[in-house]
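Structure at a glance
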Amino acid sequence: MLTDKVAVVTGASRGIGREIAKTLAGEGALVIVNYNGSAQRADQVVREIKEAGGRGEAVQCDVSDFEKAREFMEYVIKTYGRVDILVNNAGITRDGLLMRMSEEDFDSVVRTNLKGAFNCMRHGARQMIKQKSGRIINISSVSGVLGNAGQVNYASSKAGIIGMTKSAAREMASRGITVNAIAPGFINTEMTAVLPDGVKEGAAAQIPMKVFGEPKDVAAAAAFLASDEARYITGQVLCVDGGMAM
Ligand code: NDP
């Protein structure tokens, strides 16, 4: 159980982040449901958390902005006095072949996915060090592990998350803070719903289990890594991918 823990989940207005937020709240954590543009959907997630007897608050922040991320994490720490769990889940895709990829599509994906995770860790770590405890969970991707045609920008950001996770884990292991990554495969969310049917079928064929996963599959892994039981696990990349990256 995560009773009385304070958890921040970035990009929790929908998809995987939404499910992680609801799962952590179901285990007793007070959950900050971060979003960037989807205020109504984030409010709905908080409503569902409260209806289930949990606690949470929706807080807007574009995590790709260093100063805004600082204000966000400072707000959480000032309001709730601590931060026990940080799940860096906010992410975007701007797929395209290398030869045609614009500078803006490269920069925006790296800024949101990689720098966004850095920003929240950078501004949350001091409090965790003060507490001598903390759990950081960064959402990577099988694209970052294996590479993926059409995702030079996204795979770079997700591979970067793995290097960042292992480095931060080494820095903070002796302070009682664990830092791990989850690398989901294809998961049924709005991010994958936009893929053409042919691409989806091709993707499913590459998955040993032959089907896409669900957000709850990733949420269960996040809840485990956030738990006391996972206290001796750090610097790891847990693939939740139906066997894709084995
Ligand atoms: P969705 O597109 O469904 O949701 C993305 C979430 O990120 C939304 O809540 C969105 O909020 C938020 N977000 C985007 N940009 C920002 C920002 N700058 N600041 C704060 N929040 C932001 O994605 P998924 O749920 O599918 O993916 C979640 C994570 O899992 C991502 O990191 C993704 O890369 C990763 N992943 C997903 C896989 C999949 O198959 N679905 C596979 C592997 C990894 P808002 O709407 O308010 O902008």
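Now for a look at the structure at hand. (Residues numbered from 1 in each chain as written. Predicted model: local features only at pLDDT ≥ 70, side-chain atom pairs only at ≥ 80, totals over all residues. Heavy atoms only, no water.)

**Here's the deal with the sheet that holds strand E5 (residues 134-139)**
- Ordered in space as E3-E2-E1-E4-E5-E6-E7, the seven strands form an open sheet in which the pairing is parallel. In this open sheet, the two edge strands, each paired with only one partner strand, are strand E3 (55-60) and strand E7 (237-240). Here the average twist between neighbouring strands, direction ignored, is 20°.
- Pairing of strand E2 (residues 30-35) with E3, which is carried by six bridges, proceeds in the parallel orientation. (Pairing = 2+ DSSP bridges. Helix = DSSP H or I, 4+ residues; strand = E, 2+ residues; numbered from the N terminus. Axes fitted to C-alpha atoms, helices over the stretch in contact; angles between N-to-C directions.)

**Some points on the state of the cysteines**
- If you walk through the whole model with that rule in mind, you get zero disulfides.
- The cysteine Cys120 is free of any disulfide, with Cys61 supplying the nearest cysteine sulfur at 6.2 Å.
- Looking at Cys120, the relative accessible area reads 0%, which means it is buried. (Disulfide = S-S within 2.5 Å. Buried < 20%, exposed > 50% of the residue type's maximum accessible area, 1.4 Å probe, protein only.)

**Comments concerning the pattern of salt bridges**
- In total, this model carries ten salt bridges according to the counting rule given.
- Of the charged contacts in the structure, one is a salt bridge between Arg55 and Asp4, with a shortest N-O distance of 3.3 Å. Of this pair, Arg55 sits in strand E3 while Asp4 sits in the segment before strand E1 (6-9); the two residues are 51 residues apart in sequence, bridging distant segments of the chain.
- Overall, Arg55 belongs to the partly exposed group, its relative accessible area being 41%.
- With relative accessibility at 54%, the residue Asp4 sits in the exposed group.
- The closest approach of N and O atoms between Arg18 and Glu48, which form a salt bridge, is 2.8 Å. Linking Arg18 in helix H1 (residues 15-26) with Glu48 in helix H2 (residues 39-51), this pair joins segments that are 30 residues apart in sequence.
- Judged by its relative accessible area of 25%, Arg18 falls in the partly exposed class.
- On the basis of relative accessibility, which here comes to 19%, the residue Glu48 falls in the buried class. (Salt bridge = Lys/Arg side-chain N within 4 Å of Asp/Glu carboxyl O.)

**Regarding the side chain of Ser227**
- With respect to the helices and strands, the residue Ser227 is situated in the loop between helix H9 (215-226) and E7.
- For Ser227, a relative accessible area of 8% gives the class buried.
- Among the polar contacts made by the side chain of Ser227, one reaches the main-chain carbonyl oxygen of Phe224 at a distance of 2.6 Å.
- Residues in contact with Ser227, not counting those within four places in the same chain, are Leu2 and Arg135. (Polar contact = N/O pair within 3.5 Å; in protein donor to acceptor, adjacent residues only side chain to side chain. Contact = heavy atoms within 4.5 Å.)

**Considering the packing of aromatic side chains**
- Counted according to the given criterion, the structure contains two aromatic pairs.
- Ring plane angle 20° and centroid distance 6.3 Å describe the contact between Phe66 and Phe118, whose orientation is recorded as stacked. Placement of Phe66 in helix H3 (residues 66-80) and of Phe118 in helix H4 (residues 103-131) is noted, with a sequence separation of 52 residues between them.
- Phe66 sits in the partly exposed class, given a relative accessible area of 27%.
- Taking relative accessible area as the criterion, Phe118 reaches 36% and is therefore assigned partly exposed.
- A ring pair is formed by Phe186 and Phe212, whose centres lie 5.1 Å apart and whose planes are at 25°; its orientation type is stacked. Of this pair, Phe186 sits in the loop between strand E6 (177-184) and helix H7 (190-193) while Phe212 sits in the loop between helix H8 (197-206) and H9, and the two are 26 residues apart along the sequence. (Phe/Tyr/Trp six-rings, centres within 6.5 Å; stacked < 30°, edge-to-face > 60°.)

In short, geometric facts, not functional conclusions.
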